[in-house]
Amino acid sequence: MTAGPLVVENATIGYGRVAICEGLSVDIPEGEFTVILGPNACGKSTLLKALARMLKPSAGRVLLDGKDIHSQPTRAVARRLGLLPQSPIAPDGITVADLVARGRYPHQGILKQWSAEDERVVAEAMAATDISELASRGVDELSGGQRQRVWIAMVLAQQTPLLLLDEPTTFLDITHQIEVLDLCAKLHREGRTLVAVLHDLNQAARYATHLIAMRDGEVVAEGAPADIVTADTVRQVFDLPCRIIDDPETGTPLVIPKALASARL
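Residues numbered from 1 in each chain as written. Predicted model: local features only at pLDDT ≥ 70, side-chain atom pairs only at ≥ 80, totals over all residues. Heavy atoms only, no water.

Participant: Would you explain the overall build of the chain in this entry?
Facilitator: A count of helical and extended segments in the chain gives 9 helices and 12 strands. The buried share among the 265 residues of the chain stands at 48%. Considering only contacts within the chain whose residues lie at least 6 apart along the sequence, 64% involve residues at least 24 apart. Working note: accessible area of the chain is about 13,200 Å², and carbon and sulfur atoms make up 51% of it. Positive and negative charge centroids in the chain, built from 26 and 33 side chains respectively, lie 4 Å apart. (Helix = DSSP H or I, 4+ residues; strand = E, 2+ residues; numbered from the N terminus. Buried < 20%, exposed > 50% of the residue type's maximum accessible area, 1.4 Å probe, protein only. Contact = heavy atoms within 4.5 Å. Areas by Shrake-Rupley, 256 points an atom, 1.4 Å probe, with all protein chains shown as cover. Lys, Arg positive; Asp, Glu negative; His and termini not counted. Charge placed at Lys NZ, Arg CZ, Asp CG, Glu CD.)

And the structure:
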């Protein structure tokens, strides 16, 4: 079996002397929309930060295209993968167009300055995320959903085949959550490999093509949503008694938590 573009090999990952994941191995499949899910503090974001080269394993390694990600030049990595971190903060007063243009940084250099090609890519990134009309607006003037689309546009402007998104729907209302996830699904259909951390199990089951379920720093199960989202797995990962039905809109698994006996009276 061919390894994916991002591979974690027997890695210990954490913060300082505190290990969150030990002996962790994960293979991100190419061309899939992978969602990492699990309860709070299970290691989801820690794993994503390791994949993004924000955390270096104290043991084991993370491979990008078969090579240790920490041995590769920063610009080379930035041309392969783009990251949308949790709750990114824009510089005060920056416009939408200027923030999206920062995604072109990996393609700039001493001998290669801003070009018509950069201008075209930025315009296409804003069109793809439906923010072209917001180009001259200040980022701090926008709604949460609009801001998230601006950040995704900046990542798109990097023109990377790999996109990593750490809780892209956090703090958004349900309408904006669906808006962002629909955009992610569109990007996946266009050929990108996506990896996202999500909290909502039903949204993960609806949008992902590959799931990684974690608990206590370990991978409990992974595979297609139809195979992973079962009553047994949900109880094992989340301690949640439930039943699974087919989503009437998509046919994907839909988790229905069991009601308390008092709630059924």
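More follows now that the structure is in view.
Participant: For this particular structure, what's the right way to read the packing of helix α4 (residues 116-128) against helix α5 (residues 144-157)?
Facilitator: For any two helices packed against each other, one specifies the crossing angle of their axes together with the interaxial distance. Viewed as axis vectors pointing N to C, α4 and α5 meet at an angle of 140°, and their least axial separation amounts to 8 Å. Overall, the two elements α4 and α5 adopt an arrangement that is oblique. α4 and α5 meet at a crossing whose hand is right-handed. In this structure, α4 uses Val121, Ala125, Met126 and Ala128 to contact α5, whose residues at the interface are Ala153, Leu156 and Ala157. (Axes fitted to C-alpha atoms, helices over the stretch in contact; angles between N-to-C directions. Parallel < 35°, antiparallel > 145°, perpendicular 65-115°, else oblique. Left-handed = near helix turned anticlockwise from the far one by under 90°.)

Participant: Sorry, what's going on with the sheet that holds strand β6 (residues 81-84) here?
Facilitator: Working definition: the strands of a sheet are paired by backbone hydrogen bonds and lie parallel or antiparallel to each other. Taken together, the 6 strands give an open sheet; going across it, the order is β6-β7-β8-β3-β9-β10, and neighbouring strands pair in mixed fashion. Strands with a single pairing partner mark the edges of an open sheet, and in this sheet they are β6 and β10 (218-223). Each strand of the sheet is rotated relative to its neighbour by a mean of 15°, with strand direction disregarded. Sheet topology note: the strand β7 (residues 162-166)/strand β8 (residues 193-197) ladder contains 5 bridges and is parallel. Note on β8: the bridge partner recorded for Leu163 is Leu194. Strand contacts of helix α9 (residues 231-238): β3 (33-37), β9 (210-215) and β10, with the helix running at about 40° to β9, the strand carrying the most contacts. (Pairing = 2+ DSSP bridges.)

Participant: Help me understand the packing of aromatic side chains, please; the structure alone is not making it clear to me.
Facilitator: Two numbers describe a pair of aromatic rings. These are the distance of the centres and the angle of the planes. Summed over all chains, the structure comprises 0 aromatic pairs. The residue whose ring lies beneath Arg75 is Tyr105, and the NZ or CZ to ring-centre distance is 4.3 Å. (Phe/Tyr/Trp six-rings, centres within 6.5 Å; stacked < 30°, edge-to-face > 60°. Lys NZ or Arg CZ within 6 Å of the ring centre and 35° of its normal.)

Participant: Looking at this structure, I do not really get the sheet that holds strand β5 (residues 67-68). What am I missing?
Facilitator: Spatially, the 4 strands line up as an open sheet ordered β2-β1-β4-β5, and their pairing is antiparallel. The open sheet has two free edges, formed respectively by β2 (18-28) and β5, since each of these has just one partner strand. Relative to β5, strand β4 (residues 59-64) is paired through 2 bridges, and the arrangement is antiparallel. Following the sheet pairing, Leu63 is matched in β5 by Asp68.

Participant: Just to check I follow, could you spell out the side chain of Asp247 for this structure?
Facilitator: The residue Asp247 is located in the loop between β11 (242-246) and β12 (253-257) in this model. Looking at Asp247, its side chain comes within polar contact range of the main-chain nitrogen of Glu249, at 2.8 Å. Aside from chain neighbours lying at most four places away, what touches Asp247 is Arg206, Thr252 and Leu254. (Polar contact = N/O pair within 3.5 Å; in protein donor to acceptor, adjacent residues only side chain to side chain.)

Participant: Just to check I follow, could you spell out the pairing of β10 for this structure?
Facilitator: As a general feature of sheets, a regular strand has side chains that alternate between the two faces. Direction of pairing for β9 relative to β10: antiparallel, over a ladder of 5 bridges. Residue pairing across strands places Met214 opposite Val219, the latter belonging to β10. Two successive antiparallel strands, β9 and β10, enclose a turn made up of 2 residues, where Asp216 displays a positive phi of approximately 50°.

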